[in-house]
Amino acid sequence: QAKTEGRGIIRFHDAGIQQRLEERAFMELELRQAAERDELVLYYQPQVGNNDKVDGAEVLLRWQHPQRGLIPPMDFIPLAEETGLIIGIGQWVLEQACAQLAQWQQDPALAELSLAVNVSARQFSEAGFVQQVADILHATGANPHRLKLELTESTLLHNMEDTIARMQELQQLGVQFSLDDFGTGYASLQYLQRLPLDQLKIDRSFVQGLLSGDSDPAIVRAIIAMGQALHLEVIAEGVEERSQQQNLALLGCSHYQGYLFSAPVPLAHFEQWCLQHHNASQPA
Ligand code: C2E
Ligand code: MG
Ligand code: MG
Ligand code: MG
């Protein structure tokens with residue numbers, strides 16, 4: 001029951017609604033300032049191959065809030081998407097990731113690493129997105145083949161002809177594509193084969209079901225078979241137990257990401273993890 005007081009001023013009699021609206025407006029203001037204040041940080045979660053060799057990492061955003069501590073992306077990305085702030089934030093993430101790739105390229109021990117960056121539907125459908133990525137690659141000197149953009153089915157299903165054209169332009173630059181959270185949407189095989197994808201990422205919810213050896217892995221098997229039919233690499237997210245990895249490997253999965261290997265960690269930890277991991281996998 002909102003009551004209009006004069007021109008455009010709306011007050012809610014329900015104090016709870018009024019308070020939530022004010023909190024939201026305040027959070028939007030804070031989020032607007034967060035980038036300028038250096039409060040956004042990137043965490044890195046390793047992605048490994050069948051021999052546990054490190055391929056690279058997924059870049060995952062966090063907000064280091066001065067009072068509320070480390071805020072996970074699910075608590076502010078929806079707001080960033082609604083308000084359009086995701087455009088600037090997303091650009092910043094891409095800049096950071098590409099600058100990091102360029103820096104690793106100078107270091108023989110880390111030069112092979114690639115980075116996967118999450119891209120929102122709103123960000124991807126911006127008119128200037130392709131040019132933005134091209135400009136960032138050019139400015140940083142990052143090898144485009146080491147940059148992987150993670151898109152979701154809902155992003156791709158929206159305005160398909162445009163999406164395919166955009167993906168093809170980026171692919172010509174050398175950029176890779178992964179279909180994130182795969183299995184949770186409605187993509188058909190016919191539709192998938194039209195998209196210039198490089199990787200399918202099996203959603204965590206399906207990986208969870210592989211914990212007990214007797215659970216029916218039919219869906220995971222179908223997803224992996226789909227990936228193989230389309231000549232795509234298949235990576236599983238949310239791998240927490242060795243048995244899950246083993247089951248996935250038996251079904252034909254080749255890449256893994258999850259707490260079994262490492263949680264998302266700050267840059268310095270990730271680099272250290274890679275160096276130790278690399279050393280550990282060397283023959284004695
Ligand atoms: P996502 O892209 O599907 O990322 C995977 C999420 O699973 C991450 O959550 C990660 O921390 C979590 N995870 C990884 N391994 C495990 C595991 O073994 N067990 C469990 N339980 N969870 C695991 P996070 O970091 O909270 O990110 C959540 C979502 O926020 C991401 O889902 C992605 O959709 C979005 N996001 C994160 N960073 C960005 C960004 O820079 N831009 C955009 N647009 N979205 C982002
Ligand atoms: Mg992702
Ligand atoms: Mg995912
Ligand atoms: Mg997911």
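Above: the structure in question.
Definitions and cut-offs
- Residues numbered from 1 in each chain as written.
- Chains lettered and ligands numbered in written order.
- Predicted model: local features only at pLDDT ≥ 70, side-chain atom pairs only at ≥ 80, totals over all residues.
- Heavy atoms only, no water.
- Salt bridge = Lys/Arg side-chain N within 4 Å of Asp/Glu carboxyl O.
- Helix = DSSP H or I, 4+ residues; strand = E, 2+ residues; numbered from the N terminus.
- Buried < 20%, exposed > 50% of the residue type's maximum accessible area, 1.4 Å probe, protein only.
- Contact = heavy atoms within 4.5 Å.
- Core = buried A, V, L, I, M, F, W, Y, C linked by side-chain atoms within 4.5 Å.
- Donors = N, O, S within 2.8 Å, 3.2 Å for Na, K, Ca; no water.

1. What about the pattern of salt bridges?
- In total, this model carries eight salt bridges according to the counting rule given.
- For Arg-242, the salt bridge is made with Asp-52, and the minimal N-O distance between the two is 3.4 Å. Taken as a pair, Arg-242 in helix H11 (residues 242-250) and Asp-52 in the loop between strand S3 (40-49) and strand S4 (54-65) lie far apart in primary sequence, 190 residues in all.
- The class for Arg-242 is partly exposed, based on a relative accessible area of 38%.
- Here Glu-150 ties to Lys-201 by a salt bridge, and the two come within 2.7 Å at their closest N and O atoms. Of this pair, Glu-150 sits in strand S7 (residues 147-152) while Lys-201 sits in strand S9 (residues 199-202), and the two are 51 residues apart along the sequence.

2. Thoughts on the environment of Leu-156
- Mapped onto the elements of the fold, Leu-156 is located in helix H6 (residues 153-157).
- Judged by relative accessible area, Leu-156 falls into the buried class, the value being 0%.
- Between the C-alpha atom of Leu-156 and that of Tyr-191, which follows or precedes it by 35 residues, the distance is 9.9 Å.
- Contact partners of Leu-156, with chain neighbours within four places excluded, come to Leu-151, Thr-163, Met-167, Leu-179, Tyr-191 and Leu-195.

3. Quick notes on the nonpolar core
- Membership of the largest hydrophobic core comes to 78 residues, with the highest contact counts inside it found for Leu-147, Leu-149, Ile-202 and Leu-248.
- Ranked by residue count, the leading element in this core is helix H3 (residues 85-105), at ten residues.
- In this view, Leu-147 contacts Leu-94, Cys-98, Leu-101, Leu-115, Val-117, Val-133, Leu-137, Val-175 and Gln-176; residues no more than four positions away in its chain are not counted.

4. Section: the coordination of the magnesium ion (ligand 4)
- Taken together, Asp-181 (OD) and Glu-237 (OE) make up the full set of protein donors to the magnesium ion (ligand 4), lying 2.2 to 2.3 Å away.
- In this structure the magnesium ion (ligand 3) is found 3.0 Å away from the magnesium ion (ligand 4), and Asp-181 serves as a bridging donor for the pair. In this pair, Asp-181 sits in strand S8 (residues 176-182) while Glu-237 sits in the loop between strand S10 (233-236) and H11, placing the two residues 56 residues apart along the sequence.
- Asp-181 sits in the partly exposed class, given a relative accessible area of 25%.

Geometry only, nothing functional implied.
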